[in-house]
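# Structure at a glance
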Amino acid sequence: MDYLEKMPQLMLTLHIACCGFEDLVWQDIQVSNNISMHELAQAVLDSLKIKDLSNYTIVSAGEKFTGYEQNGARTSDSKKFTMADLYLGKGDSFWLEAGCHEFNITIVAAAATRATDFSDSPKVISKSSGSLEDAQRLIDLEFPD
């Protein structure tokens, strides 16, 4: 029986873009691939100033990871799985759904580094000047009540 090799510890650079507003709301963050899916979601939502950090779903290759029960839908506990468990590489992407927003997350770099380089992970390394509030204003202009 063949077993998957354990992924080496890597520093991942992720590009996160708000779907429909990719040029307005985006950021690049660095995380260790041993970060749990829950910790990743919390870091992304917090950095985007989304107040409810508990309501999210990460979707990768048809698998859903969430921190809460989803009306009987099959999901995986995001605290039990790490980025390394997904076996994703440079150029691969997945989705994060939170509230009324959806984010495309793409791995733009993956590199082996010294263990000390992981101490300040996750960290935002660049971001757009736009915000989710700016995106909401555009939606409100397009679709007034």
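Refer to the structure presented above.
This write-up is about the structure you can find in this document. (Residues numbered from 1 in each chain as written. Predicted model: local features only at pLDDT ≥ 70, side-chain atom pairs only at ≥ 80, totals over all residues. Heavy atoms only, no water.)

### A short note on the pairing of strand S2 (residues 26-32)
Summarising burial for S2: five of the seven residues are buried, a large majority. As defined by bridge partners, S2 adjoins strand S8 (residues 123-127) across four bridges and the pair is classed as antiparallel. Among the inter-strand pairings, Gln27 is bridged to a residue of S8, identified as Lys127. (Buried < 20%, exposed > 50% of the residue type's maximum accessible area, 1.4 Å probe, protein only. Helix = DSSP H or I, 4+ residues; strand = E, 2+ residues; numbered from the N terminus. Pairing = 2+ DSSP bridges.)

### Here we look at the nonpolar core
It is characteristic of soluble globular proteins that their nonpolar side chains tend to be buried jointly. In terms of nonpolar packing, the biggest core is built from 31 residues, with Leu14, Leu40, Ile58, Met83, Leu96 and Phe103 touching the most fellow members. Of all elements in the fold, only strand S1 (11-18), S2, helix H1 (37-47), strand S3 (56-60), strand S6 (93-98), strand S7 (101-111) and helix H2 (132-142) reach the threshold of two or more residues within this core. Considering each element in turn, this core owes the most residues, five residues, to H1. Excluding residues that lie within four positions of it along the chain, Leu14 makes contacts with Gln27, Asp28, Ile29, Val31, Leu40, Met83, Ile105, Thr106, Ile107 and Val108. (Core = buried A, V, L, I, M, F, W, Y, C linked by side-chain atoms within 4.5 Å. Contact = heavy atoms within 4.5 Å.)

### Some details on the side chain of Thr13
Looking at the secondary structure, you find Thr13 in strand S1. When residues no more than four places from it in sequence are discounted, the contact partners of Thr13 are Ile29, Gln30, Thr106, Ile107, Val108, Ala109 and Ile125.

### Quick word on the environment of Ser36
Locating Ser36 in the fold gives a position in the loop between S2 and H1. Since its relative accessible area comes to 10%, Ser36 is described here as buried. Residues Ser36 and Ala84, 48 residues apart in the sequence, show an inter-C-alpha distance of 8.8 Å. Setting aside residues up to four positions removed in sequence, Ser36 forms contacts with Ser78, Lys79, Phe81 and Thr82.

### What to know about the packing of aromatic side chains
Scanning the entire structure with this criterion turns up one aromatic pair. When the centroid spacing of 5.4 Å and the interplanar angle of 65 degrees are considered together, the rings of Phe65 and Phe81 count as edge-to-face. Note that Phe65 is positioned in strand S4 (residues 63-66) and Phe81 in the loop between strand S5 (76-77) and S6, a separation of 16 residues in sequence. Note on Phe65: relative accessible area 3%, which makes it buried. On the basis of relative accessible area, Phe81 is assigned to the partly exposed category, the value being 30%. (Phe/Tyr/Trp six-rings, centres within 6.5 Å; stacked < 30°, edge-to-face > 60°.)

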